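# Observations on the three-dimensional arrangement
Single-letter residue listing:
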Amino acid sequence: YNVGEYMLLEKFVRHVALRLGVEPKIKYLPSWAYPPLDAVPAFLKNKKPKVQALFNKVMYDDSALMKEVKYAYGTLKGIDLTIDYYQKQKMLV
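Quick look at the structure, then. Nothing here was measured: the structure is a model prediction, and the numbers come from that model.

## A word on helix α5 (residues 75–88)
The end-to-end C-alpha separation of α5 is 20 Å, in line with the 20 Å expected for 14 residues at 1.5 Å each. Of all the positions in α5, only T75, G78, I79, D80, L81 and I83 are classed as buried. Its buried side turned inward, α5 meets α1 (9–20).

## Description of the pattern of salt bridges
Applying the stated criterion to the full structure yields three salt bridges. The salt bridge involving E10 is made with R14; its shortest N-O contact spans 3.1 Å. Linking E10 with R14, this pair stays in helix α1, spanning four residues, or about one helical turn. Residues joined by salt bridges that share partners form a network here, namely R19, D80 and D84.

Cut-offs applied
- Residues numbered from 1 in each chain as written.
- Predicted model: local features only at pLDDT ≥ 70, side-chain atom pairs only at ≥ 80, totals over all residues.
- Heavy atoms only, no water.
- Helix = DSSP H or I, 4+ residues; strand = E, 2+ residues; numbered from the N terminus.
- Expected span 1.5 Å × (residues − 1).
- Buried < 20%, exposed > 50% of the residue type's maximum accessible area, 1.4 Å probe, protein only.
- Contact = heavy atoms within 4.5 Å.
- Salt bridge = Lys/Arg side-chain N within 4 Å of Asp/Glu carboxyl O.

What follows is the structure, given as structure tokens:
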């Protein structure tokens, strides 16, 4: 299903966990961990340029697609339909 606009990963995990009847397991990094993580790509770029590709950010914008296609479902409904499909196929319990 083409489910539509983005949502925060935390909200996605919580919704899927709710639908599956399990407790969501969400881990948070403390704020002091972010500056060292931001330095990793620059450090690796100086050491091994091939590894830098792992850290390249890719941003997608689906605003043009939303104007043309007009998503039939919202994000949460799309997740629900996807879970229902896999449960009917007995690929998800």
